[in-house]
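If you want the building blocks of each chain, they are given just below.
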Amino acid sequence: MKNLLFFILFAATIGNTFAKKNANNNSPVLGTWKFTKKSAINEFQQVQTINKAEAIKDEYFIFLDKNKFQHLFVNEKGIVVKTLKGTWKTDNSNIKIEYNELDYKLNVDYFFIGTDLVLGQNFSHVIFTKDNLNDQNVTMK
């Protein structure tokens, strides 16, 4: 009986550890998100100002498996003129985003309004709409 109890406890611990390790693989933020709106003040202002010389028409955030992401900046011609990469991790209603190319990290709340993804809170936020880059005729540089 003790061996059976030990085995069940051991299996539950292993299963719980595995579930936590893969929690972001089933995250609702996975996928491609197109930037649609922002508040006047938001956590992404520093990142959004890096391409002042280039006219940016669209921005995309792509949350990939294994906690990787890409932040794409697309010009009027549909060409990706800048791609920033990094890592992300969710914890309850928080998302931590760390850029590789920039010395910039942010830890903000995230939630959904309908199908839109909101990063931030109150009057400091950005809103993304689920999108498919293949439908937008975006060309990588």
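The structure contained in this document is the topic of the report that follows.

The rules behind these values
- Along each chain, residue indices are assigned from 1 in the same order as the chain's sequence is written.
- At least 70 in pLDDT is required for a residue's local features to be given in this predicted model, at least 80 for side-chain atom pairs to be given and counted, and no such filter applies to totals for whole chains, interfaces and linings, which use all residues.
- The side-chain figures draw on all heavy atoms in the structure; neither hydrogens nor water molecules are used.
- Secondary structure follows DSSP: runs of H or I at least 4 residues long count as helices, runs of E at least 2 residues long count as strands, and numbering of each begins at the N terminus.
- Residue exposure (1.4 Å probe, protein chains only): buried if accessible area is under 20% of the type maximum, exposed if over 50%, otherwise partly exposed.
- Note on contacts: a residue pair is in contact if any heavy atoms of the two residues lie within 4.5 Å.
- Two strands pair if DSSP finds at least two bridges between them.
- Whenever a carboxyl oxygen of Asp or Glu lies within 4 Å of a side-chain nitrogen of Lys or Arg, that contact is scored as a salt bridge.
- Each nonpolar core is a collection of buried residues, namely Ala, Val, Leu, Ile, Met, Phe, Trp, Tyr and Cys, held together in the definition by side-chain atoms within 4.5 Å.

On to the environment of Ala-40. Mapped onto the fold, Ala-40 is located in the loop between strand E1 (31-38) and helix H2 (45-48). Sequence separation between Ala-40 and His-125 is 85 residues; the distance between their C-alpha atoms is 8.6 Å.

Tracing the sequence through the fold places Leu-84 in strand E4 (residues 79-91). Judged by its relative accessible area of 1%, Leu-84 falls in the buried class. Considering only alpha carbons, one finds Leu-84 and Glu-101, 17 residues apart in sequence, at a separation of 6.5 Å.

So, on to the side chain of Asp-58. Mapped onto the secondary structure, Asp-58 falls in strand E2 (residues 56-63). Among residues more than four places away in sequence, those in contact with Asp-58 are Lys-34, Leu-72, Phe-73 and Val-74.

A few words now on the pairing of strand E5 (residues 94-99). The two faces of E5 differ: Ile-95, Ile-97 and Tyr-99 on one face are buried, but Asn-94, Lys-96 and Glu-98 on the other face are not. Both E4 and E5 contribute to a ladder of six bridges, which runs antiparallel. Considered in E5, the bridge of Asp-91 is made with Asn-94. Taken together, E4 and the strand that follows it, E5, pair antiparallel across an intervening segment of two residues, in which Asn-92 is found at a positive phi of about 55 degrees. Bridge count for E5 against strand E6 (residues 105-113) is five bridges, and the pairing is antiparallel. The residue bridging Lys-96 from the neighbouring strand is Asn-107, located in E6.

Positionally, Ser-27 belongs in the loop between helix H1 (2-21) and E1. If we ignore the near neighbours within four places in the chain, the residues touching Ser-27 are Trp-88 and Thr-90.

Per the stated rule, a full pass over the model turns up two salt bridges. Salt-bridge contacts for Asp-58 lead to Lys-34; the nearest nitrogen and oxygen are separated by 3.6 Å. Here Asp-58, found in strand E2, pairs with Lys-34, found in strand E1; they are 24 residues apart in sequence, far enough to count as distant. Taking the relative accessible area as the measure of exposure, Asp-58 reaches 14% and is therefore buried. Under the relative-accessibility criterion, Lys-34 is labelled buried at 19%. For Lys-96, the salt bridge goes to Glu-98, with nearest N and O atoms at 3.3 Å. Under the relative-accessibility criterion, Lys-96 is labelled partly exposed at 39%.

The next thing to look at is the environment of Asn-107. Relative to the elements of secondary structure, Asn-107 occurs in strand E6. Sequence-wise, Asn-107 and Glu-43 are 64 residues apart; in three dimensions their C-alpha atoms are separated by 9.0 Å. Setting aside residues up to four positions removed in sequence, Asn-107 forms contacts with Asn-94, Ile-95 and Lys-96.

The subject of this paragraph is the nonpolar core. Ranked by internal contacts, the top residues of the largest apolar core, which has 24 residues, are Phe-61, Phe-63, Ile-95, Ile-97, Tyr-99 and Leu-119. One finds Tyr-60, Ile-62, Val-74 and Val-80 within the second-largest nonpolar core, a separate group that totals five residues.

Purely geometric stuff here, so don't read any function into it on its own.
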